[in-house]
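Commentary on secondary and tertiary structure
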Amino acid sequence: MQLSELFTPQARELAPPIWAAPPVAGAIPLISLAYGLADPLMLPGEELIEAAAQLTSNKIGEVLNYAPDARSLKMLIAERLRHEGVAAEPRQILVAYGSSQILGILPHVLINPGDTVLVEAPTFMGAVRMFARGGARLVGVPVDSAGLDVDALEATLRELRAAGVRPRFLYSIPTFQNPAGVTLSLARRQRIVQLAAEYGLLIVEDDAYVDLRFRGEPLPPMAALDTEGWVLRIGTFSKILAPGLRVGWAHGPKALIDRLFMFKPEGSSGPFVTHLVAEFSADGRLEAHIAVLRQHYAAKCERMANALRRELPEASFVMPEGGFFIWLRLPSGVNATELEPLAIQHGVEILPGSRCFSDGSGDDHIRLAFSETPAEQLDEAIRRLAGAIREVGSYLDS
Ligand SMILES: Cc1ncc(COP(=O)(O)O)c(C=O)c1O
């Protein structure tokens, strides 16, 4: 008798995680541009230690015992949402272990096997994988330089309605999109909200990067434009404080928030970390920290963009106004999946575009994260990438 016979069909089908060793680039240490990690220089270790010391001396019973999430954190999230124009209430907020946990719970509440879910193409595959595990049939809607293509969305909704299908939700990353770096225009936000009301479409608005704006004016989130309760807004402290704390949240219709909560087996999301985030953020400290992050990441984005213009004028990109990524269109004929191992040989790791599309297309692009890599290594990383691309190009010419 085999242990694996006890696994559910779903667990049997899942590929086991690959705990691969990081790729090695021969003699040269590899520079990775593949992942959207925070810059270690920007993690406020000292301040978090001070905040933790405060908590353990003043609130030990609340922070180290079984207890609900810190109420002060929900108040902070509600206040930040109100600042964005969302009529937020703490009781409509769910705090979770990162926004990933919310994306992981959504299928339990909303997806039956075979149900249709609309996703941007390209998108954050971490989310898509979780929707697929819930049995979703994923339908991609293209993204261009102004974000999700709303005409294509409307056409898809019309076709689905004609076929008697109501999608369970639209998953959208409106600001500094992962991976495309683009921002959904105001006009498109307004139209999507209208379409949501017309089609009874739930919008899952994942705005993980919204606070990291380098230039331009902030746009109202779809949650602020919606008056009928069709938006679940998801956010995270990973990009503005520290991903290792694992604190994210959702705000939306109470009926949905309550049901999401019921699928969180651990109840509260860690009294210690939720109090810690609230303590750190008090008295304007979080906003001051975000202002420093914006400048820091803006300079890194600029540096990577300049290096790309210099080293790879034959590749193109839309300059992002914020976030962690540049989405690079490769010179014609260069395939991202073929480029990946060659780039590693040249000492740089990239993310092939096909990892960001639910249908495996997209290998005419690569995603380059400028967030984690030390600023002074970005020029060298792009020089190495250009070397790898030229090598593919020379095969193409020969
Ligand atoms: C668009 C988007 N949503 C959610 C997440 C997950 O963030 P968290 O650390 O809050 O789980 C990420 C992380 O990269 C992301 O890019």
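Every value quoted in this text rests on a predicted model; they were computed, and no experiment measured them.

Criteria and thresholds
- Residue positions are given per chain, counted from 1 along the sequence in the order it is written.
- It should be noted that, the model being predicted, local features are given only for residues of pLDDT at least 70 and side-chain atom pairs only at 80 or more, the latter also being counted only at that level, while totals for whole chains, interfaces and linings use all residues.
- The side-chain numbers reported here are obtained from all heavy atoms of the structure, hydrogens and water having been left aside.
- Helix and strand definitions follow DSSP, with helices as H or I runs of at least four residues and strands as E runs of at least two, each counted in order from the N terminus.
- All radius of gyration figures rest on C-alpha atoms, and the globule criterion is 2.2 Å times the number of residues raised to 0.38.
- Accessible area is worked out with a 1.4 Å probe on protein chains only. A residue is then buried under 20% of its type maximum, exposed over 50%, and partly exposed in between.
- Note on contacts: a residue pair is in contact if any heavy atoms of the two residues lie within 4.5 Å.
- To measure how exposed things are, a 1.4 Å probe is used in the Shrake-Rupley method; for residues, cover is taken only from the protein chains shown.
- Only four residue types enter the tally: Lys and Arg on the positive side, Asp and Glu on the negative side, with His and both chain ends excluded.
- Every charge is mapped to an atom, namely NZ of Lys, CZ of Arg, CG of Asp or CD of Glu.
- For two strands to pair, DSSP has to find at least two bridges joining them.
- Any pair of N or O atoms that falls within 3.5 Å is considered a polar contact. Within protein, one atom must be able to donate a hydrogen and the other to accept it, and sequence-neighbouring residues count only if both atoms are side-chain atoms.
- To get an axis, fit a line to the C-alpha atoms, keeping to the stretch in contact for a helix; angles then go from 0 to 180 degrees between the N-to-C directions.
- One heavy atom suffices: a residue is near a molecule or strand as soon as one of its heavy atoms comes within 4 Å of it.
- UniProt positions are given in the numbering used here, feature names are shortened, and annotations may be inferred rather than shown by experiment.

Here we take up the overall build of the protein chain. Across its full length, the protein chain holds 14 helices and 13 strands. For 398 residues, the compact-globule estimate of 2.2 N^0.38 gives 21 Å, and the C-alpha radius of gyration of the protein chain, at 22 Å, lies within 12% of that figure. Referenced to the eigenvectors of the C-alpha coordinate spread, the extents of the protein chain come out at roughly 65 × 60 × 60 Å. Among the 398 residues that make up the protein chain, the fraction classed as buried is 53%. Restricting the contact set of the protein chain to residue pairs at least 6 apart, pairs at least 24 apart contribute 75%. Of the roughly 18,300 Å² of accessible surface on the protein chain, a fraction of 55% belongs to carbon and sulfur atoms. The positive charge centre, built from 37 side chains, and the negative charge centre, built from 47, are 3 Å apart in the protein chain.

This part takes up the environment of Leu201. Here Leu201 lies in the loop between α8 (186-199) and β7 (203-206). For Leu201, a relative accessible area of 1% translates into the label buried. Each C-alpha atom of the pair Leu201 and Pro313 lies 41 Å from the other, and the pair is 112 residues apart in sequence. Not counting residues up to four positions away in its chain, the partners in contact with Leu201 are Leu118, Leu157, Pro167, Phe169, Leu170, Ala196 and Trp230.

On to the sheet that holds strand β13 (residues 365-369), then. Here we have 3 strands laid out as an open sheet, ordered β10-β13-β12, and antiparallel in their pairing. Two strands bound the open sheet, and with one partner strand each, they are β10 (325-329) and β12 (351-352). Taken together, the 2 bridges between β12 and β13 define a ladder with antiparallel strand orientation. Residue Pro352 lies in a different strand from β13, and its bridge partner there is Ile366.

On to the environment of Asp359. By the secondary structure assignment, Asp359 is in the loop between β12 and β13. With 46 residues separating them in the primary sequence, Asp359 and Pro313 have C-alpha atoms 29 Å apart. A polar side-chain atom of Asp359 sits 2.7 Å from a polar atom in the side chain of Ser361.

With that out of the way, let us pick up the sheet that holds strand β9 (residues 248-251). The strand order across the open sheet built from 8 strands is β2-β9-β8-β7-β6-β3-β4-β5, with neighbouring strands paired in mixed fashion. Edge strands, defined here as strands with exactly one partner in the open sheet, are β2 (93-96) and β5 (147-148). Relative to β7, strand β6 (residues 169-172) runs parallel, the two being bridged by 3 bridges. Paired with Ser172 across the two strands is Glu205, which belongs to β7. On the sheet, helix α4 (residues 71-83) packs against β2, β8 (231-236) and β9 and is oriented at approximately 120° with respect to β2.

Next up on the list: the site of the ligand. Contacts to the ligand come from 14 residues, most closely from Ser100, Asp206, Tyr209, Thr236 and Ser238. Note that an oxygen atom of the ligand is positioned 2.6 Å from one of the side-chain N or O atoms of Tyr209. At a separation of 2.8 Å, an oxygen atom of the ligand approaches a polar side-chain atom of Arg246. Calculation on the ligand without its partners gives an accessible area of 400 Å², and the protein chains cover 91% of this total.

It is worth spelling out the pairing of β10 at this point. Counting buried positions along β10 yields 4 of 5 residues, so the element is predominantly enclosed. Across 5 bridges, the pairing between β10 and β13 is antiparallel. Directly across from Phe325, in β13, lies its bridge partner Ala369.

UniProt records the feature "domain: Aminotransferase class I/classII large" (unreviewed entry) at residues 46-385, using the numbering of this structure. The annotated region residues 46-385 carries 45% helix and 15% strand content, and the separation between its end C-alpha atoms amounts to 36 Å.

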